[in-house]
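Structure assessment
Listed below are the residues making up each chain.
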Amino acid sequence: MRGRVDVVVNGSFWIGTSIAAALSIPVLNGDLVPEDLGWRALFALGALLGLGVLFVRRMVPESPRWLFIHGHEDQAERVVGGIEREITEETGEPLEEPRESIRVRQRRVLSFGEIASTAVRRYPRRTVLGLSLFIGQAFLYNAVYFTYALVLSTFFDVPDAKVGYYLIPIGIGNFLGALLLGGLFDTVGRRTMVTASYVVSGVLLIGTGLLFRADLLDAWTLTACWCAVFFFASAARRRPTSRSARSSLWRPGRWRSPRSTPSGRASAA
């Protein structure tokens, strides 16, 4: 369930993308505002949404792991205690007591040097894997989606006001991929699904490039190809970080003064 919820919630980003693409159609065609002001209006709309995020952020609790590491034990305890109470009330069953404990060294600042040292020396294989996935994701999404309007106008003479029609199905394909494939991350396995999603989307990407180079695609068939590519890529891009989820939901219990070595009780909240 965790993988499905995580992928679907993060994939819902593409619902907003499709809505924004739909809004761009009447704004850019000159019916609502002059054409020279249309793109400025869309940028202003993005800024307004950004301001809304600042208010929503106040409703999201801080990570108890971050709070405890930075010396805010009481706040961390309140956050996790609230989560545990909600789970107990919803399920009607008490939570199991943690069977293991972890030791946490509190610090006010975590330097970039310490982060880099940990990534390179302690987890070199994970670092290489993570960088490979993120770089591949950046090339796939940045090179395709962020420049698709230019491709449509340059190679297919699509007017700027109609670009939104082609971006809407790509956004829907991204969300459907996260929705339909998200459950497989829990049943098949995270490693298998991440690998399969990247491989399939990569093969489809190469095929799309070859068809485009051979002039066998028009604006709509190219859009259909990108929908297929992003259907698989979106699930891998929004893969559930179960390890991060486990590490951020733990209960700070028996702790000593920050001047000494504190300890925390691991909890499966």
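Okay, so let's go over this structure. (Residues numbered from 1 in each chain as written. Predicted model: local features only at pLDDT ≥ 70, side-chain atom pairs only at ≥ 80, totals over all residues. Heavy atoms only, no water.)

If you tally the helices and strands in the chain, you get 13 helices and two strands. The buried share of the chain, taken over its 269 residues, is 30%. In the chain, 72% of the contacts between residues at least 6 apart in sequence involve partners at least 24 apart. Accessible surface, the chain as shown: approximately 17,400 Å² in total, 63% of it carbon and sulfur. (Helix = DSSP H or I, 4+ residues; strand = E, 2+ residues; numbered from the N terminus. Buried < 20%, exposed > 50% of the residue type's maximum accessible area, 1.4 Å probe, protein only. Contact = heavy atoms within 4.5 Å. Areas by Shrake-Rupley, 256 points an atom, 1.4 Å probe, with all protein chains shown as cover.)

Right, let's get into a nonpolar patch on the surface. Taken together, the side chains of Ile-15, Ile-19, Leu-23, Leu-45, Leu-48, Leu-49, Leu-51, Leu-54 and Phe-55 present a nonpolar region at the surface, about 900 Å² in accessible area. Broken down by secondary-structure element, the contributors of at least two residues to the nonpolar patch are helix H2 (13–28) and helix H3 (35–57). The biggest single contributor to the nonpolar patch is H3, with six residues. (Patch = residues over 30% accessible without salt bridge, like charges linked within 9 Å, V, L, I, M, F, W, Y side chains within 5 Å. Salt bridge = Lys/Arg side-chain N within 4 Å of Asp/Glu carboxyl O.)

All right, on to the environment of Ala-219 then. Structurally, Ala-219 can be placed in helix H12 (residues 219–237). Each C-alpha atom, one on Ala-219 and one on Val-163, is 10.0 Å from the other, the two residues being 56 residues apart in sequence. Sequence-distant contacts of Ala-219, defined by excluding residues within four places in its chain, comprise Tyr-148, Leu-152, Phe-156, Val-158 and Tyr-166.

The subject of this paragraph is the packing of helix H8 (residues 148–155) against helix H9 (residues 163–181). Two measures define how a pair of helices packs: the angle their axes make with one another and the distance between the axes. At their nearest, the axes of H8 and H9 sit 10 Å apart, and the two run at 135° to each other. If you check the angle between H8 and H9, you find them oblique. The interaxial crossing formed by H8 with H9 has right-handed handedness. Facing H8, whose interface residues are Tyr-148, Ala-149 and Leu-152, H9 presents Val-163, Tyr-166, Leu-167 and Ile-170. Of the residues that constitute the contact of H8 with H9, the class distribution is seven nonpolar, no polar and no charged. (Axes fitted to C-alpha atoms, helices over the stretch in contact; angles between N-to-C directions. Parallel < 35°, antiparallel > 145°, perpendicular 65-115°, else oblique. Left-handed = near helix turned anticlockwise from the far one by under 90°. Nonpolar A, V, L, I, M, F, W, Y, C, P; charged D, E, K, R; others polar.)

Attention now goes to the pattern of salt bridges. In the structure shown here, the tally under the stated rule is three salt bridges. Among the ionic pairs, Glu-62 bridges to Arg-57, the shortest N-O distance being 3.2 Å. Judged by its relative accessible area of 32%, Glu-62 falls in the partly exposed class. For Arg-57, a relative accessible area of 40% corresponds to the partly exposed category. A salt bridge links Arg-105 to Glu-114; the nearest nitrogen and oxygen atoms lie 3.3 Å apart. When its relative accessible area of 53% is taken as the criterion, Arg-105 is described as exposed.

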